[in-house]
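The primary structure of each chain is shown beneath.
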Amino acid sequence: MLQHSQQLQADLQEYGAGLRGHVRVFANTTAVTEFMPDILAAYLTQHPHISVDLQERPNAGIAADIRDGRADLGIVAGEVDTHGLRVLHFSTDRLVLVTPDTARWADMSSVAFADVLHERFVGMHRGSTLQTFLERLSQQLGTTLKLRIQLSSFDSMCRMVAAGVGVAVVPETVAQRYRGLPRVCRVPLTDAWAVRPRYMLVREEQQVSAQLQELMDAIAAYHEHGESDVTQSESGR
């Protein structure tokens, strides 16, 4: 009750400052760092009287937060308990291994995560959704990730890989930005979990406001356009 009271007070202050709407979005690491900044830049420009609170949260925690009303919209990837939630699939996230561009990796068509756990890793920052997920997987396989450094962005991770610091697991969209550049190889992961559907979550009984619906439409449109571009570029090779 105290949390809701504090949030209401913050909303009223924003209203007094000229804002007419507020949207709270809890999302995983990839969403927060990769595509939401572009989407929100356009959305906020088009809606000058709306503010957005975007926070990075673990996938499982996001679903619980939406159920409990702590956020208006959740963005998750992979398997999540969505009981009591309305689920809208909008794209598919694929995780790949990026490695230094050496003959050893360049000749490899694919690899299982378990087969590279002896390698030194470049990781995402502690507490991030992806890093937590990979550390849990490695523990289930009876080992721990050999982390050399942890960073706050996927691009920084790829630059470390290019420098030969280690290998990293990143979204395929990130790896594609480094396609054709020297010193980086992209190796597909054979694990089933590497393919992760992305979903938007709202409460089943939630009445979606016009500003939230417009944001959800923008997220879906962004990925529909982006994925078609990827498909065309892949087919043209």
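Whatever comes next refers back to the structure up there.
First, a word on what this report is: a plain description of the structure on this page. These figures come from a predicted structure and were not determined experimentally.

Assigned secondary structure in the protein chain consists of eight helices and nine strands. For the protein chain, with 237 residues in total, the buried portion stands at 43%. Taking the intrachain contacts of the protein chain between residues at least 6 apart in sequence as the baseline, contacts between residues at least 24 apart amount to 77%. For the protein chain, the accessible surface area stands at approximately 12,200 Å², while carbon and sulfur atoms represent 51% of it.

What follows deals with helix α6 (residues 154-162). Within α6 the residues assigned to the buried category are F154, S156, M157, C158, V161 and A162. The positive-phi residue at the C-terminal boundary of α6 is G164, with phi of around 90 degrees.

Now for the nonpolar core. Ranked by internal contacts, the top residues of the largest apolar core, which has 37 residues, are L97, F113, L134, V170, L189 and W193. Looking at this core, the elements with two or more residues in it are β4 (85-100), β5 (120-124), α5 (129-140), α6, β7 (168-171), α7 (172-177) and β8 (184-188). No other element matches the five residues that α6 contributes to this core. Excluding residues that lie within four positions of it along the chain, L134 makes contacts with F113, L145, V169 and W193. If you look at the next biggest cluster of nonpolar residues, it comprises 20 residues, including V32, M36, L40 and L212.

A few words now on the pairing of strand β2 (residues 50-56). Here seven bridges tie strand β1 (residues 21-27) to β2, and the two strands are oriented parallel to one another. In the strand pairing of β2, R24 is matched with D53. Since β1 and β2 lie parallel, the crossover through helix α2 (residues 29-46) that links them has a hand, and here it is right-handed.

About the thresholds
Residue indices begin from 1 for each chain and proceed along its sequence in written order. Reporting of local features is limited, given that this is a predicted model, to residues whose pLDDT is at least 70; pairs of side-chain atoms are given and counted only at 80 or more, and all residues count toward the totals for whole chains, interfaces and linings. Note: side-chain values were computed over all heavy atoms of the structure, leaving out hydrogens and water. Here a strand is any run of E in DSSP of at least two residues, a helix any run of H or I of at least four, and the numbering for each starts at the N terminus. Partly exposed describes any residue whose relative accessible area lies between the buried limit of under 20% and the exposed limit of over 50%, with all areas from a 1.4 Å probe on protein chains only and scaled to the type maximum. Two residues qualify as a contact provided that any one of their heavy atoms is within 4.5 Å of a heavy atom in the partner residue. For accessible areas, the Shrake-Rupley method is used with a probe of radius 1.4 Å. Any residue's cover is judged against the shown protein chains and nothing else. Think of a nonpolar core as a cluster: buried Ala, Val, Leu, Ile, Met, Phe, Trp, Tyr and Cys residues, connected wherever their side-chain atoms sit within 4.5 Å. Two strands form a pair only when DSSP identifies at least two bridges running between them. Clockwise travel from the first strand over the helix to the second, with the strands pointing away from the viewer, marks a crossover as right-handed.

Limitation: the analysis is restricted to geometry and does not speak to function.
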